[in-house]
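# Breakdown of the fold
Here are the chains, one letter per residue:
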Amino acid sequence: MQSLLKPIKAALGALFIALIRGYQFLISPILGASCRYTPTCSQYGLEAIRKYGPFKGGWLTLKRIVRCNPWGGHGHDPVP
C-alpha cells in the first residue's frame, strides 16, 4: 500500500509546487506585494510542501492563507 501512495504523493507535491510557482511568476507581479507575513504565503507553501509533503504541507499552507487577512496577524511566521 505504501508503494502505491509514494508516487501519488510525489505527483501531488509536484502539482502543488507547479501551481504555486505559476502564481509567483504570473499572478503575483500583477497584484504586487501584499503579504503580511515573512516569508510570503507562496514561499511558505513551497517550504511546507517540500518539508511535509502535499497533504500536511497543503494543510499548513491553507491555514496560513486563511490567517493572511487585514484582521489577522503579521510578521515573521516560518514553517514549523
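Higher on the page you've got the structure.
The following paragraphs examine the structure supplied in this document. All values derive from a computational prediction rather than experimental measurement.

It is worth spelling out unusual backbone geometry at this point. Here the amide bond leading from threonine 38 into proline 39 is cis, since omega sits at -5 degrees, within 30 degrees of zero. Mapped onto the elements, proline 39 comes out in the loop between strand S1 (37-38) and helix H2 (41-67).

In this section: the state of the cysteines. A complete count under the given rule lists zero disulfides for this structure. As a non-bridged cysteine, cysteine 35 has cysteine 41 as the owner of its nearest cysteine sulfur, 3.2 Å distant.

With that out of the way, let us pick up the packing of aromatic side chains. Taken as a whole and assessed by the stated rule, the structure comprises zero aromatic pairs. When the ring centre of tyrosine 52 is taken as reference, the NZ or CZ atom of lysine 56 above it lies at 4.4 Å. Lying across the ring of tyrosine 37, arginine 67 places its NZ or CZ 5.8 Å from the centre.

Rules and cut-offs
- Residues numbered from 1 in each chain as written.
- Predicted model: local features only at pLDDT ≥ 70, side-chain atom pairs only at ≥ 80, totals over all residues.
- Heavy atoms only, no water.
- Helix = DSSP H or I, 4+ residues; strand = E, 2+ residues; numbered from the N terminus.
- Disulfide = S-S within 2.5 Å.
- Phe/Tyr/Trp six-rings, centres within 6.5 Å; stacked < 30°, edge-to-face > 60°.
- Lys NZ or Arg CZ within 6 Å of the ring centre and 35° of its normal.

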